[in-house]
Amino acid sequence: MIPIAQAALKESVRKKTFIVLSIVTVLYLVLWAVILYCLRCYGPGSGDTEFNALAAVMVTQMGLQFSSMLMCLLTIILGAGAIASELETGMIHAILSRPVGRTQYVLGKFAGLAVLTAIYATVLYAALLLIGCAFSLVTVTTLSFEQVVTGWCLYILVPQAVLCLTVYGSAKLRVVPNGLLMIFIYILGNIGGMVEMIGNLTGSSSVVSTGIFLSLISPFHTLYAAAERILLPSGGLAGEMMRGLSGLTGSGRPASAAMYFYIGVYAFGFLALAVRRFRKIDIN
Amino acid sequence: MILETENLSKSYQNKVAVNSINLSVEKGQIYGFLGPNGAGKSTTIKMLTGLVFPTSGKGQVLGRPLGDIRARIRLGYLPELFRFQEWMTGEDLLNFHTGLFRLRRDPERNRRVLNRVGLSGQEKYKVGGYSKGMQQRIGLACALLPDPELLFLDEPTSALDPVGRKDVRDIILALQKEGTTIFLNSHLLSEVEAVCDHVAIINKGSVVKSGAMKDLLMERVTLSVRCAPLPREVWRVILETFDGSATPQREDGSLTLALKDTEDIPVIAALLASHNIKLYELTPHRETLESVFLKVIGEGEQA
């Protein structure tokens, strides 16, 4: 399993898509730093503390949300072809004819990509916090160590959950259809959050249920929202406003323990399904 | 037996790819596996290497059931579709496969296999920059890493030039001397004829002919005899002795017969000698593998 994981990691790092997305990430961080700089230099005066607090929450939320999207996009792009590309090219023949079990192969691929996405997410997360500190962003400078660590744990779990589903897709579908389907499912989660928010605002329980149903299909946003909740706890008017409006998406209520359990079952379930599926297929 | 199958079959939906194949390969043999395109050769090899699951039947490779991972520790396989990680260097690829074989990295082993396949000095270059022939050679080098007891070669010379083909033939023969059993799938019948000691011909998913190469090629011997002109009574005896399938033909001072059995050769010699016919030359001509193959496949098409 270790040689497979190492090769998956090294191969992903060498892929053009990873290099391009890394450059995009750097550009995004630069842009975020520019936004923070503008906020500090040209934002409302210190007299308008409520607006300043709101603006700080908004840019922090924006920073986290877009970074999460980048992270998930990278995970999908790398994971979509993890197995499917080797099946399509026939490269897998020389691998699976060696003393390598199919379970080892799938888990090796997953492990390699999981390590890479975790490193990527950690670097991105650290960069966001460091840039926030550099610009004295109040939402970042006031974070406790526990918040930083818990937020980090939840933040890196998002791409891991996406990866589980993508690896399953890679064992079942060809590269391009899998990538497109995973992006659709990821977006569906965000739409689910919005639908839930709209349902809450309009007081429609059926709309809320629809949103929850979409979140069950794609629970990644729920996981992200939990990370965001840790990093941006409701406090003060700005936090209440954002939370009351559910941020960009969501109900404003924290996910239940049952939902976290569901997400765990969802992620490991799809990984187990990927193994099960791959153990049965003929490598033609 | 180092490899044995019993009624091994594979079907895809309604299509039978391999139908009840029985193979027996002994240690140290070079076993040729022949057949036209789509006959089921690669599917059979994939079942033997654990890539494809049989629909029915069973088999064992290196004393373990088909698909058993432990058998693959001493099993080499060069696939027909030799695609490798192009971003790796030749050395990286060897180290990667060393890991897959659960072996310790050993630069000396790498050097040895590279030298054997004629790629010494190329290991620092990326596989993506290799020619097709070089990629096939590095694939063979990877297959040789565990000093395999059993080596599956699926069209191992498809991308090689004549010199490369000769090199691979030499490698195969050298490996046999070292005790490696080789299962060779190739379209190049002359290549198979040159190296294999046993052959199975497969058509439409079934083995239609198999046996030792010398037996297959000597199954029907064309015998050319140069002798004194045959008197009428001797010619009559020859016609009586050999049935019509021998299609004896005579010209002044020569006689040609298609014999089913090489044991008929001394019979002819004795017959001529007993009639005091001067015998100048007696030459048996073996069939070529190509003629045997075409005949067997042709019979299958007519059936």
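Residues numbered from 1 in each chain as written. Chains lettered and ligands numbered in written order. Predicted model: local features only at pLDDT ≥ 70, side-chain atom pairs only at ≥ 80, totals over all residues. Heavy atoms only, no water.

## Regarding the sheet that holds strand E15 (residues 279-285) of chain B
Residue and element names in this part refer to chain B. With antiparallel pairing, four strands are arranged side by side in an open sheet as E13-E14-E12-E15. On the outer flanks of this sheet lie strand E13 (249-251) and E15, each paired with one strand and no other. Strand-to-strand twist in this sheet, taken as the mean axis angle between neighbours without regard to direction, amounts to 15 degrees. In terms of strand pairing, strand E12 (residues 221-227) meets strand E14 (residues 254-259) through six bridges, oriented antiparallel. Bridge pairing links Arg 226 to Ser 254 in E14. (Pairing = 2+ DSSP bridges. Helix = DSSP H or I, 4+ residues; strand = E, 2+ residues; numbered from the N terminus. Axes fitted to C-alpha atoms, helices over the stretch in contact; angles between N-to-C directions.)

## A short note on the pairing of strand E11 (residues 206-212) of chain B
Residue and element names in this part refer to chain B. In this structure, strand E10 (residues 198-203) lies alongside E11, joined through six bridges in antiparallel fashion. Of the residues in E11, the one forming a bridge with Val 199 is Gly 211. Taking the residues that link successive antiparallel strands as the turn, the E10-E11 hairpin has two residues, and the phi of Lys 204 there is positive, at about 50 degrees.

## Let's talk about helix H9 (residues 175-202) of chain A
Here H9(A) spans 40 Å end to end across 28 residues, near enough to the 40 Å set by a 1.5 Å rise per residue. Just beyond H9(A), the residue with positive phi is Gly203(A), at close to 70 degrees. (Expected span 1.5 Å × (residues − 1).)

## Describing the layout of surface pockets
Residues and elements named next belong to chain B. Taken as a whole, the second largest pocket encloses approximately 320 Å³ of empty space. Looking at the second largest pocket, it is lined by 24 residues, and the ones nearest its centre are Gly 38, Gly 40, Lys 41, Ser 42 and Thr 43. Contributing elements (two or more residues each) for the lining of the second largest pocket: strand E2 (15-21) and helix H1 (41-48). The greatest single-element share of the lining of the second largest pocket, amounting to four residues, is contributed by H1. The residue makeup of the lining of the second largest pocket, split by class, is seven nonpolar, ten polar and seven charged. (1 Å grid on protein atoms, 1.4 Å probe; cavity = no way out; pocket = protein on both sides within 12 Å on 5 of 7 lines; lining within 4 Å. Points joined across faces, edges and corners; volume = space filled by probe spheres on them. Nonpolar A, V, L, I, M, F, W, Y, C, P; charged D, E, K, R; others polar.)

## Description of the confidence of the model for chain A
Averaged over all residues, the pLDDT of chain A is 86; the fraction at 70 or higher stands at 89%. pLDDT under 50 marks residues 235-249 of chain A. Its contacts with residues more than four places away, or in other chains, come to 38 contacts. (pLDDT = per-residue confidence, 0-100. Contact = heavy atoms within 4.5 Å.)

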